[in-house]
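What follows is each chain in one-letter form.
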Amino acid sequence: MKVVETDIQVRYQETDQMGVVYHANYLVWFEIGRTRFLEELGFQYHEMEKEDIVSPVLDADVQFKTPVRYGEQARVKTWIDSYDGLKVVYAYEIRNGNDEVSVTGKTSHVCVKKDSFRPVSTRKKFPALHEAYLEAKGE
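Report follows, based on the coordinates. In this text, all values refer to a predicted model and were calculated from it rather than measured experimentally. (Residues numbered from 1 in each chain as written. Predicted model: local features only at pLDDT ≥ 70, side-chain atom pairs only at ≥ 80, totals over all residues. Heavy atoms only, no water.)

**Digging into the overall build of the chain**
Which entries qualify depends on this criterion: For helices the rule is a DSSP run of H or I covering at least 4 residues; for strands it is a run of E covering at least 2, with both sets numbered from the N terminus onward. Radius of gyration here uses only the C-alpha atoms, and the compact-globule reference equals 2.2 Å multiplied by the residue count raised to the power 0.38. Burial classes: relative accessible area under 20% of the type maximum marks a residue as buried, over 50% as exposed, and values in between as partly exposed (1.4 Å probe, protein chains only). The contact definition used throughout considers only heavy atoms, calling two residues in contact when any of these lie within 4.5 Å. The Shrake-Rupley method, run with a 1.4 Å probe, gives the accessible areas here. Residue values count only the displayed protein chains as cover. Under the counting rule used here, the positive set is Lys and Arg, the negative set is Asp and Glu, and His together with the chain ends is not counted. Where a charge lies is defined by one atom per residue type, namely NZ (Lys), CZ (Arg), CG (Asp) and CD (Glu).
In terms of helices and strands, the chain carries 4 helices and 7 strands. N-terminal to C-terminal, the α/β element order of the chain is β-α-α-β-β-β-β-β-β-α-α. A compact globule built from 139 residues should have a C-alpha radius of gyration of about 14 Å, and the chain, at 16 Å, falls within 12% of that. Expressed along its principal axes, the backbone C-alpha trace of the chain runs to roughly 45 × 35 × 20 Å. The buried share of the chain, taken over its 139 residues, is 42%. In the chain, the share of contacts with a sequence separation of at least 24, taken over all contacts with a separation of at least 6, comes to 67%. Carbon together with sulfur atoms contributes 47% to the accessible area of the chain, which is approximately 7,900 Å² in total. In the chain, 19 positive and 23 negative side-chain charges are present, and the distance between their average locations comes to 4 Å.

As structure tokens, then:
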């Protein structure tokens, strides 16, 4: 199974008055990790978008364990939890500056046509990405 790690330097604007990362920012960090994961597989979101295909979030599940604070460097670990040729579920683990697990979660995605939001089979439309997903999962 392929796991991609992405470092995030916590910026002041990402925190609340307690100096703790505001909870919604973890979803942004998931996206940063997911984008890096795709890049490590050799793909770019903007290339898919040129073909009028987008990959919206269908579902997000987040568990908060311990805070990440201003000034720390966080690390986002990203991998594929499941993939069936249409829907892909990414899993994430975010660690704080003390290397403690701070946040875990998953997001589900499907490729759709940009104009109609009708689902598109990754297996058929992007066979190279399909194969890369299978390889990243260890299949």
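That was the structure; now back to the text.
**Some details on the side chain of threonine 15**
Convention followed: Polar contacts, as counted here, are pairs of nitrogen or oxygen atoms within 3.5 Å of one another; within protein the pair requires one atom able to donate a hydrogen and one able to accept it, and residues that are adjacent in sequence qualify only if both atoms are side-chain atoms.
With respect to the element layout, threonine 15 can be found in the loop between strand E1 (4-9) and helix H1 (25-40). A residue is classified by how much of its surface remains accessible, and threonine 15, at 14% relative accessible area, is buried. Polar contacts involving the side chain of threonine 15 include one to the main-chain carbonyl oxygen of tyrosine 12, which spans 2.7 Å. Once you skip the residues sitting within four places of it in the chain, threonine 15 turns out to touch Val10, Val20, Val21, Tyr22 and Tyr70.

All quantities given are derived from atomic positions and should not be read as evidence of function.
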